[in-house]
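A look at the structure
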Amino acid sequence: MKFALQIASLFIAPSFPAEAHDIKRGKAMARGKKPMRCGAALIGAAIAGLAVSPASATVRISSDFGGQIGRYIVHYSALRDAGERVVIDGLCLSACTLVLGLIPRDRICVTSRARLGFHAAWRPGQGSRMVSAADGTQLLMDTYPQAIRNWIAQRGGLSPQIKYLSGRELVAMYQICR
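It should be emphasised that the depicted structure is a prediction, and the values quoted were computed from it without experimental measurement.

**Here's the deal with the side chain of threonine 143**
With respect to the helices, strands and loops of the structure, threonine 143 is situated in helix α6 (residues 134–143). Overall, the relative accessible area of 17% leaves threonine 143 in the buried class. Residue contacts for threonine 143: discarding those within four places in its chain leaves Leu98, Gly101 and Leu102.

Have a look at this one:
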């Protein structure tokens, strides 16, 4: 029950500054227009489901600035359960890095452009202040694989400052995309 409450609370609190865009919002929603009708959405989802075989699908991450931890847990868990592969081909910051702990390592590959950014979780405080979220930070650390936890620990742990993992260090942990 406690884990479910943590997840629910993390849907409310972003883990990256509000200035970063949320990749989950569509352009129509960003302009304040009404969302698609439910029937049209279901038809679109059914067509998309028929067009892509889950066993052969690949998700490419190239410019993901993160967002609410709970949403990423749900999203990556669904990708994992569908058997999808993930290519990290650019920026993967903040909650995006949860991909490393939620998708099996043998289904993740990285390109030379891959750059992962890790920082402590936070919640909005009074006014526009950011407040550290120890429970969110612990959830991040608990989700990451041991190699990533070790890498973070060697750099002083998660903090408000972003720590970047890329290049040789990243390739030593994850396979290069072919």
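Structure's up, so let's keep going.
**Description of the pairing of strand β2 (residues 85–93)**
Among the 9 residues in β2, 7 count as buried, and that is most of the element. Assessed by its sense of winding, the connection that carries the chain from strand β1 (residues 58–64) through helix α4 (residues 69–81) to β2 is right-handed. In terms of strand pairing, β2 meets strand β3 (residues 108–110) through 3 bridges, oriented parallel. Pairing of valine 87 across the sheet is with cysteine 109, part of β3. Across 3 bridges, the pairing between β2 and strand β4 (residues 115–118) is parallel. Within the sheet, the bridge partner assigned to leucine 93 lies in β4 and is glycine 117.

**Let's talk about the pattern of salt bridges**
Tallying each qualifying case throughout the model produces 5 salt bridges. Linking arginine 60 and aspartate 89 is a salt bridge whose minimum nitrogen-to-oxygen distance equals 3.1 Å. Taken together, the residues span a long stretch of sequence, with arginine 60 in strand β1 and aspartate 89 in strand β2 at a distance of 29 residues. For arginine 60, a relative accessible area of 52% puts it in the exposed group. The salt bridge partner of arginine 123 is aspartate 135, with a shortest N-O separation of 2.8 Å. Pair noted here: arginine 123 is in strand β5 (residues 122–124) and aspartate 135 is in helix α6, with a separation of 12 residues, a long-range link. Residue class for arginine 123 comes out partly exposed when judged on its relative accessible area of 23%. Relative accessible area serves as the criterion here: at 30%, aspartate 135 is assigned to the partly exposed category. Connected through salt bridges with shared partners, the residues Arg60, Asp89 and Arg113 form a single ionic network.

Each value, and the rule that gives it
Residues numbered from 1 in each chain as written. Predicted model: local features only at pLDDT ≥ 70, side-chain atom pairs only at ≥ 80, totals over all residues. Heavy atoms only, no water. Helix = DSSP H or I, 4+ residues; strand = E, 2+ residues; numbered from the N terminus. Buried < 20%, exposed > 50% of the residue type's maximum accessible area, 1.4 Å probe, protein only. Contact = heavy atoms within 4.5 Å. Right-handed = clockwise from strand over helix to strand, strands pointing away. Pairing = 2+ DSSP bridges. Salt bridge = Lys/Arg side-chain N within 4 Å of Asp/Glu carboxyl O.

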